[in-house]
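Structural overview for review
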Amino acid sequence: MALPARLTAIGRLGFRSRAYARHVYQKIAALTIGAAFVSPAGRRLRRLAARFRTPTPQPDVRAALVAHLFYLDLLPEVLDCRAMLPNGAKLHLTVPTDRVEQVRRLVWDIPDVIIHPCENRGRDIAPFIALLNAGVFDAYDAVLKLHTKRSPHLLDGEIRRKLLFTMLAGERNATWRTLVTFEKPDTGIVGWRDCYREAPPYWMGNEARVRMITAQMCAPKEAVRLGFFEGSMFWFRPAALARLRQLRLSIEDFEPEERQLDGTLHHAIERCFTIAARADDFLVRDLDGRVLE
């Protein structure tokens, strides 16, 4: 092997090793520090600390929340996040058709909740794309995308969801600071930095399909690179996802639910959100407003 190729191979191996080490560290941190952070005691401490922070003025942003409600018992967690948004922010719930009546009974007295029945297919991604295609989000400047992710195959699945909910909309002052970011017209997607994945191993079995999808989106070459929010929970500007909308994907394009862990269309689309934003010159930022590259 020539020296340049050998150095490239060594560099890739080192990058993968660092990515794996970071992954292990984050798993340990989630099961220890993270578990304490989202515990009832941790929640009380965060609320106490919030009293001593300088309030952030209400942002001049039209905001909403969209959540895929598969596990109905997690609705209170979604409502807690909605309470951190400006008053009057609408909550859009995508709900499998066989659970719609149950959800209607749960939210009958809660204002500004809109239920969107959907087929149990494509996890949270297919129903979300359906609303995006229908123009449901067009009236908003910033929308928070959540879903009732449990990941029972993961030891830290419950903690990861709670951490994501907490970081994205767990405290009003922090949530409003995130919304202020959307006052900048170039902000496309905002998410938690600790869930941002850009190391090659995170392509998993999806790289070929992602490149096919981004080619259909006519995304510029420089925009097509790995960098996505694992768990597909983030804030977004609807205009930043125009290229995904142009694909006109339908529910039938997504594979039937078979508890797949990788390699499906919804796993590929998860990696395309940021590419779609960057393709139209929108920026991807973390919760502190820093650009993620």
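A short tour of the structure in this document, coming up. (Residues numbered from 1 in each chain as written. Predicted model: local features only at pLDDT ≥ 70, side-chain atom pairs only at ≥ 80, totals over all residues. Heavy atoms only, no water.)

1. With respect to the packing of aromatic side chains
Applying the stated criterion across every chain, the model contains nine aromatic pairs. Ring geometry for Phe128 versus Phe137: centroids 5.4 Å apart, planes at 25 degrees, classification stacked. On the accessibility criterion, Phe128 (2% relative accessible area) is buried. An angle of 85 degrees between the planes, with centres 5.3 Å apart, marks the rings of Phe128 and Phe236 as edge-to-face. Remark: Phe236 occurs in strand β8 (residues 234-236) and Phe128 occurs in helix α5 (residues 125-134); sequence separation between them is 108 residues. The same class applies to Phe128 as to Phe236, namely buried. One residue, Lys145, lies across the ring of Phe128, its end atom 5.5 Å from the ring centre. Over the ring of Tyr71 we find Arg150; its NZ or CZ atom is 4.8 Å from the centre of that ring. (Phe/Tyr/Trp six-rings, centres within 6.5 Å; stacked < 30°, edge-to-face > 60°. Buried < 20%, exposed > 50% of the residue type's maximum accessible area, 1.4 Å probe, protein only. Helix = DSSP H or I, 4+ residues; strand = E, 2+ residues; numbered from the N terminus. Lys NZ or Arg CZ within 6 Å of the ring centre and 35° of its normal.)

2. Side note on the pattern of salt bridges
Pairs may arise between side chains of opposite charge once their charged atoms sit close together. All told, the structure shown has 22 salt bridges when counted by the stated rule. Between Arg150 and Glu158 there is a salt bridge whose closest N-O contact spans 2.6 Å. One salt bridge connects Arg243 with Asp280, and the closest N-O pair in it is separated by 2.9 Å. One end of the pair, Arg243, is in helix α9 (residues 242-246); the other, Asp280, is in the loop between α11 (273-279) and β9 (283-286), with 37 residues separating them in the sequence. Within this structure, Asp73, Glu77, Arg150, Glu158, Arg161 and Lys162 form a network of salt bridges that share partners. (Salt bridge = Lys/Arg side-chain N within 4 Å of Asp/Glu carboxyl O.)

3. Quick notes on the side chain of Arg197
Considering the arrangement of structural elements, one finds Arg197 in strand β6 (residues 196-197). The exposure class assigned to Arg197 is buried, which follows from its relative accessible area of 6%. Looking at Arg197, its side chain comes within polar contact range of the side chain of Glu230, at 2.8 Å. (Polar contact = N/O pair within 3.5 Å; in protein donor to acceptor, adjacent residues only side chain to side chain.)

4. Comments concerning the nonpolar core
Grouped together as the largest cluster of nonpolar side chains are 45 residues, with contacts concentrated most on Phe137, Ile189, Phe236, Leu244, Ile269 and Phe273. Broken down by secondary-structure element, the contributors of at least two residues to this core are β1 (63-68), α5, α8 (207-216), β7 (228-229), β8, α10 (265-270) and α11. Ranked by the residues each element gives to this core, the list is headed by α5, at six residues. Those residues in contact with Phe236, other than ones at most four positions away along the chain, are Val66, Phe128, Phe137, Asp141, Ala142, Val143, Lys145, Phe182, Gly188, Ile189 and Leu241. (Core = buried A, V, L, I, M, F, W, Y, C linked by side-chain atoms within 4.5 Å. Contact = heavy atoms within 4.5 Å.)

5. As for the sheet that holds β8
Reading across the sheet, the seven strands line up as β3-β2-β1-β4-β8-β5-β9 and stay open at both edges, with mixed pairing between neighbours. Of all strands in the sheet, those with a lone pairing partner are β3 (113-118) and β9, marking the two edges. Neighbour to neighbour, the strand axes of the sheet diverge by 20 degrees on average, direction disregarded. Note that β1 and strand β4 (residues 142-147) share six bridges and pair parallel. Within β4, the residue paired with His68 across the bridge is His147. Its contacts with the sheet place helix α3 (residues 75-82) against β1, β2 (90-96), β3 and β4, and it is angled at close to 160 degrees to β2. (Pairing = 2+ DSSP bridges. Axes fitted to C-alpha atoms, helices over the stretch in contact; angles between N-to-C directions.)

6. Quick notes on unusual backbone geometry
Located in the positive-phi region is Cys218, a residue other than glycine, with phi close to 60 degrees. Within the secondary structure, Cys218 is located in the loop between α8 and β7. Cys218 sits in the exposed class, given a relative accessible area of 59%. Look at Ser232: it is not a glycine, yet its phi comes out positive at around 50 degrees. Looking at the secondary structure, you find Ser232 in the loop between β7 and β8. By relative accessible area, which is 3% here, Ser232 ends up buried.

7. Points about the side chain of Asp286
With respect to the helices, strands and loops of the structure, Asp286 is situated in strand β9. There is a polar contact of 2.8 Å between the side chain of Asp286 and the side chain of Arg290. Once residues lying within four places of it in the same chain are set aside, the contact partners of Asp286 are Val190, Gly191, Arg193 and Leu292.

8. Focus: helix α7 (residues 172-181)
Taken together, the buried positions of α7 are occupied by Asn173, Thr175, Trp176, Thr178, Leu179 and Thr181. The N-cap of α7, judged by a side-chain oxygen 2.9 Å from the amide nitrogen of Asn173 a few residues on, is Glu171.

9. Let's talk about the pairing of β2
Strand residues, when the strand is regular, have side chains that alternate between the two faces of the sheet. Taking burial as the measure, the seven residues of β2 include six buried ones, the bulk of the element. As paired strands, β2 and β3 are joined by six bridges and run parallel to one another. Paired with Val95 across the two strands is Pro117, which belongs to β3. For the crossover from β2 across helix α4 (residues 100-107) to β3, the handedness is right-handed. (Right-handed = clockwise from strand over helix to strand, strands pointing away.)

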